[in-house]
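Examination of the molecular architecture
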Amino acid sequence: MQDRQNWDWTPGRRIVGDFDKWRPAYEYMEEPHVSADGEKIAAIVKTGPEEFSVCVNGQPWESHFEKAWSLGFTQENCPVALVSDTAMWTVAVDGVTWNNWYEFVWNPIFSTKGSSITAAAQSELKYFALTDDIPWENSFLALTCLIATPDGKNIAAVVQDKRFAEADIDNFQQGCFTVAVNGNAWDTHYVNVWDLDFSGDGSQVAAEVRTSLYDYTIAVNGKTWDKQYSCVWAPRFHPSDGSVSAPVKLAGGWSLARNGEVIWNRRYFQLWHHIYSPDGNSIAAVTAPEFGRWTIAEDDQPWNLRFNELATDPVYSPGGDRIACVGKSGGKWYIAADDTIWDTPNDMAWQPVFSPDGSHVAAKAERDGRYTIVVDGRPVDEVFAAVMQPVFSPDGRRLLVKGILPESAGGQYCRHVFEVDALAP
Amino acid sequence: MHEIYPLASGFLVWVAFGVFIGGTVLRLVLLALKARRKDPVIYQYFSFYYAARSIIHWIFPFASKGMRDHPVFTIIAFVFHICLILTPIFVAAHVILIMESWQTGWWYLPNAAADIMTIIVVLCLLFFLARRILQKDVRYLSTAGDYVLLLLVAAPFITGFWTYHQWYGFETAGLLHMLSGELMLICLPFTRLFHMALFPFTRGYSGSEFGAVKGARDW
Amino acid sequence: MNTKNNTETGADQKQIHDVAIEEGARRLTREKIHSVLSELIRTEGGARLSAYSNACVHCGMCSEACHHYLSNDRDPKLSPAGKVKQTIAVIMARKGKVGPDFMKKACEIAFTECNLCRRCMMYCPFGIDVAYLMLFIRRACHKLGVVPQYIQDTAHSHSATMNQMWVRDDEWIDTLQWQEEEARDEIPNIRIPIEKEGADIFYSVIGPEPKFRAQLIYQMAVIMHASGADWTMSATPGWDNSDMCMYTGDMEMTARLKKVHFEAATRLKTKRIVMGECGHAFRSVYDVGNRLLGWKMPPLPMVHAIEFYYEILQQGHIEIENKFEQPVTFHDPCNIVRGRGLHETARYVVDKTCKTFIELEPNREHNFCCGAGGGVINCGPPFKNKRVKSNRIKAEQLASAKSKGAEVVIAPCHNCHGGLEDIINHYELGMEIKFLADILYECMKKE
Ligand code: HEM
Ligand code: SF4
Ligand code: SF4
Ligand code: SF4
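Residues numbered from 1 in each chain as written. Chains lettered and ligands numbered in written order. Predicted model: local features only at pLDDT ≥ 70, side-chain atom pairs only at ≥ 80, totals over all residues. Heavy atoms only, no water.

This part takes up the overall build of chain A. Each helix and strand in chain A was counted, giving three helices and 43 strands. Relative to the 2.2 N^0.38 estimate, which gives 22 Å for 425 residues, the radius of gyration of chain A is 23 Å and therefore close to what a compact globule would have. Once the C-alpha set of chain A is aligned to its principal axes, its extents read approximately 60 × 55 × 35 Å. Across the 425 residues in chain A, those meeting the buried criterion constitute 59%. (Helix = DSSP H or I, 4+ residues; strand = E, 2+ residues; numbered from the N terminus. Rg over C-alpha atoms; globule rule 2.2 N^0.38 Å. Buried < 20%, exposed > 50% of the residue type's maximum accessible area, 1.4 Å probe, protein only.)

What follows concerns the site of ligand 3. Around ligand 3, the neighbouring residues are Cys 56, Val 57, His 58, Cys 59, Gly 60, Met 61, Cys 62, Ala 81, Cys 124, Pro 125, Phe 126 and Ile 128 of chain C. A per-class count over the shell around ligand 3 returns ten nonpolar, two polar and no charged. (Near = heavy atom within 4 Å. Nonpolar A, V, L, I, M, F, W, Y, C, P; charged D, E, K, R; others polar.)

Before going further, it helps to spend a moment on the coordination of the iron atom of ligand 1. Residue and element names in this part refer to chain B. At this site the iron atom of ligand 1 is bound by His 81 (NE2) and His 195 (NE2), with donor distances of 1.9 to 2.1 Å. Taken together, the six donor atoms coordinating the iron atom of ligand 1 span angles of 87 to 179 degrees at the metal, a pattern that classifies the geometry as octahedral. Taken together, the positions of His 81 in helix α6 (residues 71–90) and His 195 in helix α12 (residues 195–213) put the pair 114 residues apart, joining distant regions of the chain. (Donors = N, O, S within 2.8 Å, 3.2 Å for Na, K, Ca; no water. Tetrahedral: all angles 85-135°; square planar, octahedral: opposite > 155°, others 65-115°.)

Contact residues are listed per partner, giving 56 residues for chain C and 44 residues for chain B. Taken together, both faces of the contact between chain C and chain B bury some 4300 Å²; the carbon and sulfur share is 57%. The three residues of chain C that bury the most area against chain B are His 58, Met 61 and Arg 291 of chain C, which together make up 16% of that side's buried surface. Applying the counting rule to chain C against chain B returns three salt bridges. (Contact = heavy atoms within 4.5 Å. Buried area = accessible area lost by both parts, 1.4 Å probe. Salt bridge = Lys/Arg side-chain N within 4 Å of Asp/Glu carboxyl O.)

Here we take up the pairing of strand β42 (residues 398–404) of chain A. As a general feature of sheets, a regular strand has side chains that alternate between the two faces. Residues and elements named next belong to chain A. Counting buried positions over the seven residues of β42 gives seven, a clear majority of the element. Neither face of β42 is open: one carries Arg 398, Leu 400, Lys 402 and Ile 404, the other Leu 399, Val 401 and Gly 403, and all of them are buried. Two elements, strand β40 (residues 386–387) and β42, share two bridges in a ladder whose sense is antiparallel. Bridge assignment links Ala 386 to a residue of β42, and that residue is Ile 404. The sheet contact formed by strand β41 (residues 391–392) and β42 spans two bridges and is antiparallel. When the bridges of β42 are listed, Val 391 appears paired with Leu 400. (Pairing = 2+ DSSP bridges.)

The next subject is the sheet that holds strand β18 (residues 184–185) of chain A. Residue and element names in this part refer to chain A. Spatial strand order, β15-β16-β17-β18: four strands in an open sheet with antiparallel pairing. Edge strands, defined here as strands with exactly one partner in the open sheet, are β15 (142–148) and β18. In this sheet, β18 lies alongside strand β17 (residues 177–181) in antiparallel orientation, the contact comprising two bridges. What sits directly across from Val 181, in β18, is Asn 184.

Taken together, the 56 residues of chain C in the interface contact 62 residues of chain A. For the chain C and chain A pair, buried surface summed over both sides reaches about 4900 Å², with 54% attributable to carbon and sulfur atoms. Of all residues in chain C, Asp 170, Arg 256 and Lys 269 of chain C bury the most surface against chain A, accounting for 14% of the area lost on that side. For the pair chain C and chain A, the interface holds nine salt bridges.

Turning to a negative patch on the surface, a few remarks are in order. Residues Glu 50 and Glu 66 of chain A together with Glu 182 and Asp 185 of chain C make up a contiguous surface patch of negative charge. By the secondary structure assignment, Glu 50 of chain A is in the loop between β4 (41–48) and β5 (51–56). (Patch = residues over 30% accessible without salt bridge, like charges linked within 9 Å, V, L, I, M, F, W, Y side chains within 5 Å. Areas by Shrake-Rupley, 256 points an atom, 1.4 Å probe, with all protein chains shown as cover. Lys, Arg positive; Asp, Glu negative; His and termini not counted. Charge placed at Lys NZ, Arg CZ, Asp CG, Glu CD.)

The omega angle of the peptide bond from Glu 361 of chain C to Pro 362 of chain C is -10 degrees, so this bond is cis rather than trans. Tracing the backbone through its elements, the reader meets Pro 362 of chain C in the loop between β6 (357–358) and α19 (384–389). The residue Asn 182 of chain A is not glycine, and still its phi comes out positive at about 50 degrees. Note on Asn 182 of chain A: relative accessible area 32%, which makes it partly exposed. With a phi angle near 65 degrees, Met 162 of chain C is a residue other than glycine that sits in the positive phi range.

Residues and elements named next belong to chain C. Strand order across the open sheet formed by four strands is β6-β5-β7-β8, with parallel pairing between neighbours. With partners counted over all chains shown, the strands left at the sheet margins are β6 and β8 (432–434), one partner each. The strands that helix α21 (residues 414–426) touches are β7 (408–410) and β8; relative to β8, the one it contacts most, it runs at about 175 degrees. (Axes fitted to C-alpha atoms, helices over the stretch in contact; angles between N-to-C directions.)

Our focus in this paragraph is the pattern of salt bridges. Counted according to the given criterion, the structure contains 62 salt bridges over all chains. As a salt-bridge pair, Asp 347 of chain A and Lys 332 of chain A come within 2.7 Å of each other at their nearest N and O atoms. Pair noted here: Asp 347 of chain A is in the loop between β34 (340–341) and β35 (348–349) and Lys 332 of chain A is in strand β33 (residues 332–337), with a separation of 15 residues, a long-range link. Looking at Lys 332 of chain A, the relative accessible area reads 31%, which means it is partly exposed. Lys 104 of chain C is the salt-bridge partner of Asp 101 of chain C, the closest N and O atoms lying 3.7 Å from each other. You can see Asp 101 of chain C and its partner Lys 104 of chain C sitting in helix α7 (residues 100–112), three residues apart, about one turn around the helix. What makes Asp 101 of chain C exposed here is its relative accessible area of 56%. Through salt bridges with shared partners, one network takes in Glu 209 and Lys 214 of chain B together with Arg 118, Asp 287 and Arg 291 of chain C.

This part covers the site of ligand 1. Taken together, 18 residues surround ligand 1, and among them His 81, Arg 131, Arg 132, His 195 and Met 196 of chain B come closest. With respect to ligand 1, its neighbouring residues span chains B and C. The side chain of His 81 of chain B places a nitrogen or oxygen atom 2.7 Å from a nitrogen atom of ligand 1. At the level of elements, α6, α8 (111–134), α10 (144–164) and α12 of chain B are the ones that each hand at least two residues to the shell around ligand 1. (Polar contact = N/O pair within 3.5 Å; in protein donor to acceptor, adjacent residues only side chain to side chain.)

Here the focus is the packing of helix α2 (residues 30–44) of chain C against helix α8 (residues 130–144) of chain C. All names here are of chain C. Packing of α2 against α8 leaves a shortest axis separation of 10 Å and a crossing angle of 135 degrees. The angle between α2 and α8 falls in the class oblique. Crossing hand, α2 versus α8: right-handed. Note on element contacts: α8 touches α2 through Tyr 132, Phe 136, Arg 139, Ala 140, Lys 143 and Leu 144, opposite Lys 32, Ile 33, Val 36, Leu 37, Leu 40, Ile 41 and Glu 44. (Parallel < 35°, antiparallel > 145°, perpendicular 65-115°, else oblique. Left-handed = near helix turned anticlockwise from the far one by under 90°.)

Okay, helix α2 (residues 11–38) of chain B next. For α2 of chain B, which comprises 28 residues, the first-to-last C-alpha distance of 39 Å matches the rise-based estimate of 40 Å (1.5 Å per residue) to within 8%. The complete set of buried residues in α2 of chain B reads Ala 16, Phe 20, Gly 23, Thr 24, Leu 31 and Ala 35 of chain B. Buried residues in α2 of chain B make contact with α3 (41–45), α11 (170–187) and α12 of chain B together with α3 (47–55) of chain C. (Expected span 1.5 Å × (residues − 1).)

Before going further, it helps to examine the packing of aromatic side chains. Aromatic rings considered in pairs are described by the distance between their centres and by the relative angle of their planes. Taken as a whole, this structure holds 40 aromatic pairs over all chains when the rule is applied. Between Phe 19 of chain A and Trp 22 of chain A, the ring centres sit 5.9 Å apart and the planes meet at 75 degrees, which makes this aromatic pair edge-to-face. Of this pair, Phe 19 of chain A and Trp 22 of chain A both sit in helix α1 (residues 19–22), separated by three residues, roughly a single helical turn. Residue classification places Phe 19 of chain A among the buried residues on the basis of a relative accessible area of 2%. Relative to Phe 140 of chain A, the ring of Trp 136 of chain A has its centre 6.1 Å away and its plane inclined at 85 degrees; by these criteria the two rings are edge-to-face. What makes Trp 136 of chain A buried here is its relative accessible area of 10%. For Phe 140 of chain A, a relative accessible area of 7% corresponds to the buried category. Each residue in the set Trp 233, Trp 254, Trp 272 and Trp 294 of chain A together with Phe 262 and Trp 295 of chain C is aromatic and connected to the rest through ring pairs, giving one cluster. Taking the ring centre of Phe 111 of chain C as reference, the NZ or CZ of Arg 138 of chain C above it sits at 4.8 Å. (Phe/Tyr/Trp six-rings, centres within 6.5 Å; stacked < 30°, edge-to-face > 60°. Lys NZ or Arg CZ within 6 Å of the ring centre and 35° of its normal.)

Spatial relationships are all this shows, so hold off on functional conclusions.
As structure tokens, then:
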């Protein structure tokens, strides 16, 4: 957890930088990224012909590169980008590159505890992962679906470690793919492996696997469930007890299984993206109880609410007693919490955020090209040209909104801390 | 032999209509249930407007490109179907029978017209037969059942014509007319003749998919 | 090891040797076939299968709709209903009691003698969807493991990489950056925005674009740039909208592919998906995958490139500097014309960008398929000769447009390109093929 306590929670609006004024200094500037605490705003900028850098609060890094992309911030509010020089790639942290360079680096993951950075890399057609400038000892023929534990200490990815010739369908079907954890591949191989998850303690990995062209199941640490299904979706570990659950397709439709046993009685036309409440006592999932009708189901009980087009981004409150999500109906995006839809339609809506005690929900939304934050169904009294995900203060009484003001209002980047009680309807 | 005459003109008529109507409804209901169970999506996409739009383009002669490409076949098929359906409903003998039984009836065809329509049906069937034998692709597609079906449809018309004109052995022909007519009705839900009941649904579904989802015409 | 030892055994000989079909059939027993087929009919043989099987009056009205039939001297076996007769009708009549040799033949028919173009559906009085029936056979072939080698390999690529061409995650991003760099030689500050959250447009392409036709990405970047579009592409799998699994009958994989594609777009909080000029991918996203996953219509608006060009031309976001000089004709791809009604939209774009336009006859919904679609071209070299010969009618159709002056064929579909290219070469038509993007790029004002 970032050190939110020490952030500036003084209510009111504070201009951090004259964002619109920085732009003209560069040939162009990409869309900005903002640190979690809102004190830094950064963007990839073009500083000359085939020369790129990162501009942080108006100042470009001293170093510049042939290319730069995938800008982000670590939890310690440090800007990071993937950069290349002489056609080799590495990670640049606050403008300082790592020592090792590779033919390609992608998919950076910032740990949510501590300041680790993980990424996927390739050199000489060998694939591996890196953490804080240290590559895996083993490399593979291909690598995808990289994941890391919150502390960044364990890394896993789907890898190919058996070769098959072009159009060699037999060998492919024998299984050439597996999971590598911290560089060590499982012994077992599968036709396909997708979507991994780490157990809470980082000691186990679950994966969605296809054992033949027709049989799908879940494998945990290289051992598959006894049962096979006609399809499965991404597995999730229980937050503490080490059990794994996954949506599985049965004859009558989709349901949820734990360690290979079906645990939900209903059959859904679709069921995916299940999440555990933080205490692990409940499970919520995005479901379509009937064809074309989408909603959230908690512990096998679908909400009454239905979206015609989409339900996505479900999230539990920290106490596990509330759920919020984003939905789409009639071409408009909505936010819903606890089976209740917020009236105002949006042109886009982002995953809602709960206050620490769960009593408030805030979400980023866009209407007619203007961004705002909606709290408990009511937009805050400020619109932005761009806005970041809102953050509640640890005591839940303040809400940090980070956004760029519209040109008409000055175009600056500001941090605005709202008093939650004053916002509540 | 004539003992079965009353049977054929009484009980079997009821059986035939019963099987025809009951069988048709039953098969359509079973199909609808099967769709619910296995293709629920069909109901979601069925659109009455687009179904009707497509059906209309296929029940009017020359409204579809396929029909325009084959004018002779189209004319014959339309004339055939019209005569096939209208003749038995409006032929004087049938209407009068109904009047006698139920004191109700409807307009009926002049006898000469009914005669001509009957001959048309039979000639059309001969055309279909010739086409089945002579046109390579249709010959390949034809099964024994298709030929039997032509005969099955021709029989009530030929025997009816025979009976009406009181030619030699017309009493036997009359009996055969009733039996073959009843047989045709009974067969309707269980043979290729069932195409008549399926048409609105298959065409309508195609029209719905093309019109409502794919934004295109299917004629 | 070279496994590509497929050979063609001669034009008059019907069965073509494909190792995967042979091997797959060799592993089968009658019992296995019976159990798989009866299970498939029981679980997936729905109302449409029965209605279509019962409604067909064997009238042959569909025969002339099919280019395979017309191009092979009206071989009755190639009429749509003829293909049904040889495959699904037998399976239904025998309740699935057929042998491995039958499945081999059925596989070849369903995979290489039908492009699933749905033209016949418009000529059948009952609207019988022969493509649906052929897909049912393909599904059976998938379940039995009798699928042509090349398209099966492509299905494997989809499953392992979520794209059609075994493109690895890094290769994809690298290609985008390389194309961006190239484009900057022409337009210094152009950008191919990767992973731009909240962009208006999620632009997706098919695997062969980064692999073989990267300049199309370049061209689209220029078009997007000039029109001022707010767009992005995904760095993660999901950037590819193509789908050969839909054509091998692996519907579970189709569902997975489309899920990944939609989720890339929703993860990036984009408002709509614009896709490159591809027909089958459009069908897969707009019409097939969404249904499998539980969406009546795609959860985000699906915009084919043609519709996007139409929009930017009509709203004046791009200007045409000089119209394209050479006389053009336009091939209506089945999947976006019969499959989406974009024929007039496309003609608007052609009209705005080209000086002389000559129609193919027939056209619009009635156009003949290119012969490559429905996964037929993806069945690979063993079937190439047959494919080209089975579309003589297309050559005649093109030749007729050529005799009226057409020099360039516009085909806004990747498969169509492949198919038409082979036809033009084989029949020595001497015509050039272009995408609409080629024309637009050439004729528009760039900055
Ligand atoms: C309105 C819907 C109908 C359509 C679109 C339709 C269409 C057709 C077509 C295309 C044929 C093919 C002729 C051939 O080549 O054999 C046909 C044949 C035939 N139809 Fe219909 N029909 C319809 C309704 C009916 C009805 C209501 C009946 C009556 C009882 C009927 C009886 C027949 C018969 C007896 C044949 C000839 C059978 C054969 O050739 O095998 N049809 N119909
Ligand atoms: S779908 Fe196309 S290729 Fe297949 S049978 Fe019909 S017309 Fe021929
Ligand atoms: S046109 Fe339709 S009814 Fe006639 S043979 Fe073809 S598929 Fe059967
Ligand atoms: S490749 Fe083009 S013409 Fe051919 S089937 Fe696909 S869309 Fe139709």
